[in-house]
Amino acid sequence: MATLIIVLVIVGIVVVLGLILLGMYNGLVRSRLRVKEAWSGIDVQLKRRASLIPNLVETVKGYAAHERGTLEAVTSARAQLQQAGTPGQAAEANNMLTQTLRSLFAVAEAYPNLKADQNFRDLQAELTDTEDKIAYARQFYNTNVLSYNTKTQTFPSVIFANMFGFQPAEFFEAEEAAREDVKVSFTPTPPAATP
């Protein structure tokens, strides 16, 4: 009778340990899938942004034909974003595209007729909306990556994660310029001296 009780206790311990391990494995799988789902949200917004850019470039071309270098830089940055394979590559390409779009909008400032063009304003508004959606999707993705990476790097799940090949996920990093403080000044700049 004592042997039967010992066997039942051992079987009970094995079952409990098995359930704990199964729970850890399923938790890691769920976290990894959340990261993939969150990445797809970023990917959708990046593709939406990339599809708006040719229309924006064509609109600007009509007004600023001699700004060819800026237009080519935007087109090149868009192509790199579309070819990005990892979150790190996509973040780098996205940062480059953001910089070239800033240059493009700086060019637009020099053309009052372009700034007044309804098509240009609509495209600019859509890009602004998309930028907001990308920021939200990036935050959602990074939150899921943090949760997943925490599970893959904390004890005891780190042992299980290593056993089954769960690798840490990459964060979608902001560009260095975006991390700097924005300088706002309400003081008008003096006009340039005329010779």
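Our subject in this report is the structure included herewith. (Residues numbered from 1 in each chain as written. Predicted model: local features only at pLDDT ≥ 70, side-chain atom pairs only at ≥ 80, totals over all residues. Heavy atoms only, no water.)

**Digging into the packing of helix α1 (residues 2–63) against helix α2 (residues 68–83)**
With their axes 10 Å apart at the nearest point, α1 and α2 run at an angle of 165 degrees to one another. Regarding the angle of α1 to α2, the classification is roughly antiparallel. In this structure, α1 meets α2 at a crossing whose hand is left-handed. Contacts from Leu 46, Ala 50, Ser 51, Ile 53, Pro 54, Val 57, Val 60 and Lys 61 of α1 reach α2 at Leu 71, Val 74, Thr 75, Arg 78, Leu 81 and Gln 82. Here the contact of α1 with α2 is built from residues that sort into nine nonpolar, three polar and two charged. (Axes fitted to C-alpha atoms, helices over the stretch in contact; angles between N-to-C directions. Helix = DSSP H or I, 4+ residues; strand = E, 2+ residues; numbered from the N terminus. Parallel < 35°, antiparallel > 145°, perpendicular 65-115°, else oblique. Left-handed = near helix turned anticlockwise from the far one by under 90°. Contact = heavy atoms within 4.5 Å. Nonpolar A, V, L, I, M, F, W, Y, C, P; charged D, E, K, R; others polar.)

**Regarding unusual backbone geometry**
The step from Phe 155 to Pro 156 runs through a cis peptide bond, and the omega angle for that step is 5 degrees. Along the chain, Pro 156 falls in the loop between α5 (118–153) and α6 (157–163).

**Some words on the packing of α2 against helix α3 (residues 87–109)**
One way to put it is that α2 packs onto α3 with a least axis distance of 8 Å and a crossing angle of 160 degrees. As far as their axial angle goes, α3 and α2 are roughly antiparallel. Classified by chirality, the crossing of α3 by α2 is left-handed. Residues Thr 70, Leu 71, Ala 73, Val 74, Ala 77, Arg 78, Gln 80 and Leu 81 of α2 touch α3, and the partners they reach there are Ala 90, Ala 93, Asn 94, Met 96, Leu 97, Thr 100, Leu 101, Ser 103, Leu 104 and Val 107. Here the contact of α2 with α3 is built from residues that sort into twelve nonpolar, five polar and one charged.

**Notes on the side chain of Asn 94**
Position of Asn 94 relative to the elements: it lies in helix α3. Not counting residues within four places of it along the chain, the set of residues in contact with Asn 94 comprises Leu 46, Arg 49, Leu 81, Arg 138 and Phe 172.

**Observations regarding a nonpolar patch on the surface**
Together, Met 1, Leu 4, Ile 5, Leu 8, Val 9, Ile 13, Val 16, Leu 17 and Ile 20 make up a nonpolar patch on the protein surface, roughly 910 Å² of accessible area in all. With relative accessibility at 53%, the residue Leu 8 sits in the exposed group. (Patch = residues over 30% accessible without salt bridge, like charges linked within 9 Å, V, L, I, M, F, W, Y side chains within 5 Å. Areas by Shrake-Rupley, 256 points an atom, 1.4 Å probe, with all protein chains shown as cover. Salt bridge = Lys/Arg side-chain N within 4 Å of Asp/Glu carboxyl O. Buried < 20%, exposed > 50% of the residue type's maximum accessible area, 1.4 Å probe, protein only.)

**Some words on α2**
Taking 1.5 Å of rise per residue, the 16 residues of α2 would be expected to cover 22 Å, and the 23 Å separating its terminal C-alpha atoms lies within 8% of that figure. Looking only at α2, the buried set comprises Thr 70, Leu 71, Val 74, Ala 77, Arg 78 and Leu 81. The arc that holds every buried residue of α2, seen down its axis, measures 125 degrees, which confines them to one face. Turned more than 90 degrees from where α2 packs its buried face, Arg 68, Gly 69 and Gln 83 sit exposed. In this structure, the buried residues of α2 make contact with α1 and α3. (Expected span 1.5 Å × (residues − 1). Arc of directions from axis to C-beta.)

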